[in-house]
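This is what each chain is made of:
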Amino acid sequence: MITCRRVRRRLSAYMDGDLEARSAHLVAAHLDACPECGARWRSLRAAVEMLAEAPRLECRERISSRVRDRLDVEIRSAGLALVLRPTWKARPLILPSLVPAAAVLFVALGVAFTLDRDPEPLPTVATRGAESWGPTGASGTESNPVFVSSEVSAPRVRTAAPIGDLVTALGDEPIFLETVVARDGSVSTVTLLGGDSQQAGPLLEALRHERFEPGRRHGRPVAVSLYRLISRTDVHAPVT
Amino acid sequence: MSKGAGTGEIAMAAREFALRSAEALAGVNSFEGGLVEQCRRGDAQAFARLVALHEGMVFNLAARLLGDPEEARDVAQEVFLQVYRTLGRFEGRSSLKTWIYRIVVNQSRNRRRWWRRRRKDRSFPLDALTPSDEARLAERAPGPEGPQERLERRERARAVQSALLRLSFEHRAVLLLREVEGLSCEEIAGALSLPAGTVKSRLSRAREALRRALADREEVR
């Protein structure tokens, strides 16, 4: 005895003649005896026959002529294609090998650009003349002045600049500046290091006309850098 | 005595038929092998013969798989271009025809995926046969037929294609290779790169799915 479920699962194999003789006999007997399975079998066979008998579809245009045209184009262009063939087709490993090379080159260039970049400019409070950053000369010259020390005597003002009014005109903010007194006693440069450059402008101009007894080191005149803080200070008499 | 002579004649005739069949098969294989060899040597005429021999089968299978004659025509062209480019890799372990079937199914599957990816908002454009194809079918009816028969035949063709398109692509492929192209389960297994057992179970499910899809037809009830 075979169940309907088992028969229905074997209908496809039965159709193809794939069942063993005994099994095929059991299925055939069941299909004769069971109206539902018999109907299912006839229905399955009819559906498959409908498909098998369906007329073939034919292209209205010859495929071969389309293929021939495409191949003609490919073959005709083959000569040019060989000339223009990308190198990577001829040497398929060249592209993969270029990747690490490109990475190394990229890193090297990155490092080089980083190192070559100008250092970040320090925050400046001074407007210093470009000539101040020129090549430095020997110690004690105008381009490389020295500071007052135990070996270097301080320059003494010989002709003071009339700066009284200019100082009065300053605001409350003090002016910090550098004066380089040249070896001949003249003022080489006056550089504003701190303070309002607009307000200090006339004062700096006046200070450039000062004249000094130059500073000396071992008896010889040297260029000396002086730092000066100028501020308007109200002095009151002490309360007694 | 006469019976024995008759049996002997039948046996001889059967042997002769078997020998002729074997010779015919060997002849086909030899012809196919020669054609492939000529194509490999770059013989354009040989390749044209190869295309002419198989183009009907390739187009029909692609059109049934895709349901769109335009798409099928493009796929058929791509199939033969692929055959041309990869013929050097054909090892002859299966027949040339089975090898081409494999390419048709793969190309059609790829085309269908491509379509789905790019036109997600639309279903695959396949409700079967365009009027031009139907007219083409009607012209090729076997023997004389009246207007009523022609109408019924066209209607059956439309119903079959419509039912096919309601099946999954894999069910459609296995059904077409088996019922329309007449491949054995082993050949289908070779063409689809599947175990034969998988082909048989898939074929069983596909036949049942087709039966259900055609269940409203009088012939199938």
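A.B. asks: Break down the overall build of chain B for me, citing the residues and quoting the values.
C.D. replies: The helix and strand inventory of chain B stands at nine helices and zero strands. Each helix and strand of chain B, placed in order from N terminus to C terminus, yields the pattern α-α-α-α-α-α-α-α-α. Sorting the 221 residues of chain B into buried and exposed places 44% on the buried side. Restricting the contact set of chain B to residue pairs at least 6 apart, pairs at least 24 apart contribute 67%. As displayed, chain B has an accessible area near 12,000 Å², and 51% of this comes from carbon and sulfur atoms.

A.B. asks: Could you give me a rundown of the overall build of chain A, with the residues and numbers involved?
C.D. replies: Scanning chain A from N- to C-terminus turns up 10 helices and eight strands. Considering chain A as a whole, with its 240 residues, one finds that 29% of them fall into the buried category. Considering only contacts in chain A between residues 6 or more positions apart, those separated by 24 or more positions represent 67%. Just so you have it, chain A exposes about 16,400 Å², and 58% of that area is on carbon and sulfur atoms.

A.B. asks: Can you lay out the packing of aromatic side chains for me, pointing to particular residues and giving the numbers?
C.D. replies: Residues and elements named next belong to chain A. This model, assessed by the stated rule, comprises five aromatic pairs over all chains. With 5.8 Å between their ring centres and 25° between their planes, Phe147 and Tyr227 make a pair best called stacked. Within this pair, whereas Phe147 is found in strand β1 (residues 146-147), its partner Tyr227 is found in strand β8 (residues 224-230), the two being separated by 80 residues in sequence. Among the residues examined, Phe147 registers a relative accessible area of 49% and is labelled partly exposed. You can call Tyr227 partly exposed: its relative accessible area is 41%.

A.B. asks: Describe a nonpolar patch on the surface, and please don't skip the residues or the numbers.
C.D. replies: Residues and elements named next belong to chain A. A surface patch of nonpolar side chains, amounting to about 460 Å² of accessible area, comprises Phe106, Val107, Val111 and Leu115. Residue placement: Leu115 occurs in helix α8 (residues 94-116). The class of Leu115 is exposed, set by a relative accessible area of 70%.

A.B. asks: Which residues make up the sheet that holds strand β4 (residues 187-194) of chain A, and what values do they have?
C.D. replies: The pairing of strands in a sheet comes from backbone hydrogen bonds and takes either a parallel or an antiparallel form. Residues and elements named next belong to chain A. What the four strands build is an open sheet, ordered β1-β8-β3-β4; its pairing is mixed. Edge positions in the open sheet fall to β1 and β4, since each of these has one partner strand only. The pairing of β1 with β8 spans two bridges and is parallel. Looking at the pairing, Val146 lines up with Val224 of β8. Along the sheet, helix α10 (residues 197-207) makes contact with β3 (175-181), β4 and β8, crossing β4 at roughly 160°.

A.B. asks: Could you give an account of the interface of chain A and chain B, with specific residues and numbers?
C.D. replies: Each partner contributes residues to the interface: chain A has 32 residues there, and chain B has 47 residues. A buried area of about 3,900 Å², summed over both sides, lies between chain A and chain B, and 59% of it is on carbon and sulfur atoms. On the chain A side of the interface with chain B, the three residues burying the most area are A:Met50, A:Leu51 and A:Leu57, jointly 21% of the side's total. There are nine salt bridges connecting chain A and chain B. Residue B:Asp74 is joined to A:Arg66 by a salt bridge in which the shortest nitrogen-to-oxygen separation is 3.0 Å. Where chain A touches chain B, the interface holds 13 residue pairs in polar contact (both at pLDDT 80 or more).

Criteria and thresholds
Residues numbered from 1 in each chain as written. Chains lettered and ligands numbered in written order. Predicted model: local features only at pLDDT ≥ 70, side-chain atom pairs only at ≥ 80, totals over all residues. Heavy atoms only, no water. Helix = DSSP H or I, 4+ residues; strand = E, 2+ residues; numbered from the N terminus. Buried < 20%, exposed > 50% of the residue type's maximum accessible area, 1.4 Å probe, protein only. Contact = heavy atoms within 4.5 Å. Areas by Shrake-Rupley, 256 points an atom, 1.4 Å probe, with all protein chains shown as cover. Phe/Tyr/Trp six-rings, centres within 6.5 Å; stacked < 30°, edge-to-face > 60°. Patch = residues over 30% accessible without salt bridge, like charges linked within 9 Å, V, L, I, M, F, W, Y side chains within 5 Å. Salt bridge = Lys/Arg side-chain N within 4 Å of Asp/Glu carboxyl O. Pairing = 2+ DSSP bridges. Axes fitted to C-alpha atoms, helices over the stretch in contact; angles between N-to-C directions. Buried area = accessible area lost by both parts, 1.4 Å probe. Polar contact = N/O pair within 3.5 Å; in protein donor to acceptor, adjacent residues only side chain to side chain.

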